[in-house]
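# Observations on the model geometry
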Amino acid sequence: MNKTTTQYNDAMSSFERGVKRIIDFTFALCCIVVLSPLLLLIYLLVFLSGGDVIYRQERIGYGGKPFIIYKFRIMKKDAEKNGILRTVEERKGKMTKIGCFLCEHHLDELPQLFNVLLGDMSLVGPRPERQFFIDQILQVNPNYIHIYKMRPGLTSNAALYNGYTHTMEKMLIRLDMDLAYLTTRSLWGDFVIVCKTTFYILTGKKF
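This section reports on the structure supplied with the text. (Residues numbered from 1 in each chain as written. Predicted model: local features only at pLDDT ≥ 70, side-chain atom pairs only at ≥ 80, totals over all residues. Heavy atoms only, no water.)

### Digging into helix α9 (residues 187-203)
In an α-helix there are 3.6 residues to a turn, and that puts residues three or four apart on one side. If you check α9, its first and last C-alpha atoms are 24 Å apart, about what 17 residues at 1.5 Å a residue would give, namely 24 Å. In the core, the buried residues of α9 are packed alongside α1 (14-34), β3 (122-124), β4 (153-155), α7 (157-162) and α8 (168-184). Trailing α9 by a residue or two, G204 shows a phi angle of about 75 degrees, which is positive. (Helix = DSSP H or I, 4+ residues; strand = E, 2+ residues; numbered from the N terminus. Expected span 1.5 Å × (residues − 1). Contact = heavy atoms within 4.5 Å.)

### As for the packing of α1 against α9
At a closest axis distance of 10 Å, the pairing of α1 and α9 adopts a crossing angle of 30 degrees. Judged on the interaxial angle alone, α9 and α1 are roughly parallel. For the pair formed by α1 and α9, the contact residues are E16, V19, K20, I23 and F27 on the first element and L187, D190 and V194 on the second. In terms of residue class, the contact of α1 with α9 is built from five nonpolar, no polar and three charged. (Axes fitted to C-alpha atoms, helices over the stretch in contact; angles between N-to-C directions. Parallel < 35°, antiparallel > 145°, perpendicular 65-115°, else oblique. Nonpolar A, V, L, I, M, F, W, Y, C, P; charged D, E, K, R; others polar.)

### A short note on the nonpolar core
With 41 residues, the main nonpolar core has I42, F72, L102, L110, L113 and Y144 as its most contacted residues. At five residues, the largest contribution of residues to this core is made by α8. Residues within four places of F72 in sequence aside, it is in contact with L39, I42, Y43, V46, V53, I54, L102, L107, D108, L110 and P111. (Core = buried A, V, L, I, M, F, W, Y, C linked by side-chain atoms within 4.5 Å. Buried < 20%, exposed > 50% of the residue type's maximum accessible area, 1.4 Å probe, protein only.)

### Here's the deal with the pairing of strand β2 (residues 66-72)
Relative to β2, strand β1 (residues 54-60) runs antiparallel, the two being bridged by seven bridges. Paired with I60 across the strands is P66, a residue of β2. Hairpin connection from β1 to β2: five residues lie between these consecutive antiparallel strands, with G63 at a positive phi of about 75 degrees. (Pairing = 2+ DSSP bridges.)

### Some thoughts on the packing of helix α6 (residues 131-140) against α8
Following both chains from N to C, one finds α6 and α8 inclined at 75 degrees, their axes separated by 11 Å at the closest point. Between α6 and α8, the crossing angle belongs to the class labelled roughly perpendicular. Where α6 abuts α8, its residues F133, Q136, I137 and V140 lie against M168, M171, L172, R174 and L175. Of the residues assigned to the contact of α6 with α8, the class counts are seven nonpolar, one polar and one charged.

### As for unusual backbone geometry
Its identity as a non-glycine residue notwithstanding, H106 has a phi of 60 degrees, on the positive side. Here H106 lies in the loop between α4 (97-104) and α5 (112-118). For H106, a relative accessible area of 17% corresponds to the buried category.

Scope: geometric values only; no functional claims are made or implied.
Structure (structure tokens):
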């Protein structure tokens with residue numbers, strides 16, 4: 001159990017981070033415009049399934065500050081009223097039919113393009129976590145604090161290769177991968193990750 005922190009330096013310069021932000025904003029805006037018919041279709045399908053269409057939840061982002069993340073609702077009403085759902089089986093048991101489809105193809109996360117537009121998130125970066133789970137991770141590995149040096153992202157190497165994170169073991173693997181990203185990240189590397197993510201989604205590859 002690691003109780004001491006290690007120094008992790010951001011591989012991106014301030015200029016590169018500025019360019020990254022411009023790319024994030026431009027790409028998100030273009031995607032929202034191009035995908036607007038799909039966004040509207042999903043909106044209507046979720047609306048017809050009953051309940052709120054947009055799911056809002058507090059996550060912790062850049063600088064350790066909380067923000068509200070947006071997703072299309074995939075769960076039934078009051079799905080977490082008896083506690084936080086974490087296992088795959090628990091989540092699937094509480095999903096609506098359209099929610100299962102959206103989750104399987106990662107379409108439920110499209111509203112996060114607005115998070116990118118607002119500057120809460122980036123295209124590529126560590127997936128944002130809830131404070132509840134961050135507190136647990138910090139008890140095991142305090143190096144999680146270095147995650148706050150980056151805007152959380154829509155996708156990442158950890159998301160592609162570590163899958164859905166529902167155990168402490170997978171959370172720690174994800175942390176190691178996100179810290180490795182911090183110390184090696186580049187604009188070209190982000191481009192590669194975005195291309196891989198797009199390819200995986202279009203071909204139906206699970207991640």
